[in-house]
Amino acid sequence: MGFRRSTILILLVAAAAGAALCALAPGKAAEPEALRLLPENVDVVGLEVRFEAPMRLELQERRARGDDWRIAGAVDWPADPGIVDAMITALDVARPERAVEVGPSSSLARYGLAPPADGVSIVLSDKRTIVVSFGTSAPGERRVYAWTSLHPDVVLVVDEALRSSVDRSPAELRDRRLWVLDPEAMVSVEVADARGAVLVERIGRRFRVTPPGVAADFERASRLFELLAVPRAAGFPDGDACAAEEGFRIRIADENGVGHELRMSPCDPCPADAVRACLDGRDVVAVPADLGASARELSADLARTSLLPAIDPPSVTSIAVTSSSERWTLHRTPDGWRSDDGALSPETDVVLRWLRPLALLQVDPARLDAEPFVVAGTIELASRLGSTIRLERSSEARDGSVRVRREGEEAAFRLAPAEAALLTAARTYLSASAGAACDPLAVQTVEVLSGAERAPAAGVVADAPPVVQRLRRAPAGRWMLEGTTLRVDAAAVDLLVGDLCRLPGRPLVPRAALEPDVRWTVVLGAADDRQLLRLEVFAPAGDEDTYAAAGYGAPERHALPSPAVDRLGRALVAPDALDADPGQVARWEIDLEGGRTIRLYRDGGDWRVDDGSTGGGTGDAAASADAAAPDSGRISAAGAADLARALAAPRLLGVVSLEAPDDPSADWPHRFVVRRVAADGSTSSFAVGGPDAGGRVLLWSEEFGAVLEAQAEIHAALVYLDSLESP
């Protein structure tokens, strides 16, 4: 009997202890996935946030692009609707990990939920208020206890991230949008500084920029309007930026009469990332420094647009030309192009070859001509898309140039002779045959001979002019530059050959616009070295953008496109012919003036620098160099990585000579020798020097046996290294 009583007593004590533990420890969830912190489909109109900085958020207005919220109380600021929506969404979608049933008689204090606890009160549109409170952390978990008035008899266990998502300060919630406008509803943007003002206006589906008062580039103007539709502040500093009258100014207006002004205060030097500004004459804000720079850059280029902004060459259906000496119209018919008088019936390819360069002519503010404009001729183009544009031109100047403007605009721009020929010699151009002087696919060799090294006798060509470059077509469509193994830009060679073969279809250039000297002689040959085309390229008399060619297959002087001229002036080596894989390079060694050597090497995954002032390139020495000030004669690890990338991929512009110099240091100021040491120990080197008398940066590669012209970046980097203080 005593044994039974003792057993029963022990069982009762154990049961009581278990009940107590269950009450104190988190209990099992009674279907936690069914529990929500907020009712379904809530319509929230207000929040009261109770953490370190209590505040109230009120819904101000419902908009198609989102709700407007305001921070009320000690401060009166607009709130960022995106952050407020994220807070509401986090509470709405939160699902507890588990729930503890506490009952009405249990205390919430043991969970840190005794009133007044941190949390949020959510005000619904039906006047209900849902309270969500947050307590202490659950033992051994990255979760916290929470309570909602929607389920008052349970304590929920939720992720700590939920609390973080609603624990926001007023500074975090303040709306950084300076204003919110629809780009399609904006009617004008004005950008102004001490240099003057640029006004961009929306005119129907197009844009207009003043000055110079011409149709603006559509893409750039659209980007400007989108950039300034919803600009954002970088911060809200103290002080007064609205007292300054000067500075960079942006003014916006939309079709509803809403306008804004942002005036950035002048500062020297300005912060790298943000500048102080005055918003609408009353609020001080900080804006990203690149906001003004981007606006100014876009507005400066708005007037630089196509002369035919609304015309697509294949869509043109009629061409009308008038002048004091001619008047004719071409129409596209099912049988091809026909003029009204039947005297002109050009092939479609010929028409397109005239329209395409015409469509590429740029309205450039740098060529704005303020002289009184007298119309001497017009060209009108109409397209099947409903667009019509009319160009007015002046008479030709002595050098063959003309001024041109679009009808309805006051600004006129000067066109170089080769460009002007598209307007003044339109009939001659359209009368040309569609046939080429040679078949580009049959061309197997290209020789470019220097006109400057011709025989001294006037008008006499030497029997064997020196070859500047000789290219021969290799298998698989590749091209090889004879005398070197440098990789050639095959696409550029093909474009050059195509331009030369089609030269008779180019506009004529007046002989008076050209000097008698020949700049180059070009010979295109077949596989058996038979000449297919020989051209002489003439230099311009006064306009450096105008060249012409004449010769076998092209008896008249025809305009040569500027890209073709650029390709003639330099051997067509691929820009990345010297590229190396940075991952395969173990070390760079750069010999500077005065016998100094700088080494760039890998230390783990980073590039390090030993500029001669460290102890030989160890990791510790590199780290100390990295920590040094930029003006101490050392460079940072980031700078070393940038230099390693520049050395691995020097951009090439062409071949200066296929003969290596005997002593580069004799003629090259600032000579540097760069050695590349691969991971397998093999080495290669090249020398960098210049600029020479022609302003070129020269690069001599022993591996390829050629003197190359390189872009200036690699030379600037090496000169910077040479300027560092010696150890």
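Notes on the structure follow. Predicted, not measured: the structure shown is a model, and the values here were computed from it.

Parameters at a glance
Residues numbered from 1 in each chain as written. Predicted model: local features only at pLDDT ≥ 70, side-chain atom pairs only at ≥ 80, totals over all residues. Heavy atoms only, no water. Helix = DSSP H or I, 4+ residues; strand = E, 2+ residues; numbered from the N terminus. Contact = heavy atoms within 4.5 Å. Areas by Shrake-Rupley, 256 points an atom, 1.4 Å probe, with all protein chains shown as cover. Pairing = 2+ DSSP bridges. Buried < 20%, exposed > 50% of the residue type's maximum accessible area, 1.4 Å probe, protein only. Polar contact = N/O pair within 3.5 Å; in protein donor to acceptor, adjacent residues only side chain to side chain. Axes fitted to C-alpha atoms, helices over the stretch in contact; angles between N-to-C directions.

Moving on: the overall build of the chain. A count of helical and extended segments in the chain gives 15 helices and 42 strands. Within the chain, residue pairs in contact and separated by at least 24 positions form 58% of the contacts whose partners lie at least 6 positions apart. As displayed, the chain has an accessible area near 36000 Å², and 51% of this comes from carbon and sulfur atoms.

With that out of the way, let us pick up the pairing of strand E3 (residues 68-72). A regular strand places its side chains so that they alternate between the two faces of the sheet. Here strand E2 (residues 55-61) pairs with E3 via five bridges, running antiparallel. Directly across from Leu 57, in E3, lies its bridge partner Ile 71. Taken together, the three bridges between E3 and strand E4 (residues 77-79) define a ladder with antiparallel strand orientation. Following the sheet pairing, Arg 70 is matched in E4 by Pro 78. As consecutive antiparallel partners, E3 and E4 are separated by four residues, and within that stretch Gly 73 has a phi angle of approximately 120°, a positive value.

Mapped onto the elements of the fold, Arg 263 is located in strand E15 (residues 259-264). Taking relative accessible area as the criterion, Arg 263 reaches 12% and is therefore assigned buried. In terms of polar contacts, Arg 263 uses its side chain to reach the side chain of Glu 261, at 3.4 Å.

Take the pairing of strand E21 (residues 336-339) next. Here four bridges tie strand E20 (residues 327-333) to E21, and the two strands are oriented antiparallel to one another. Residue pairing for E21: Arg 332 is matched across the bridge by Trp 337. Remark: two residues form the turn of the hairpin made by E20 and E21, two consecutive strands paired antiparallel.

So, about the sheet that holds E20. Strand order across the open sheet formed by eight strands is E21-E20-E19-E24-E25-E26-E27-E23, with antiparallel pairing between neighbours. Only two strands of the sheet have a single partner each, and these edge strands are E21 and strand E23 (368-369). Here helix H7 (residues 348-360) sits on the sheet in contact with strand E19 (316-323), E21 and strand E24 (377-383), set at roughly 110° to E24. Here helix H8 (residues 417-424) sits on the sheet in contact with E24, strand E25 (388-393), strand E26 (402-406) and strand E27 (412-415), set at roughly 110° to E27.

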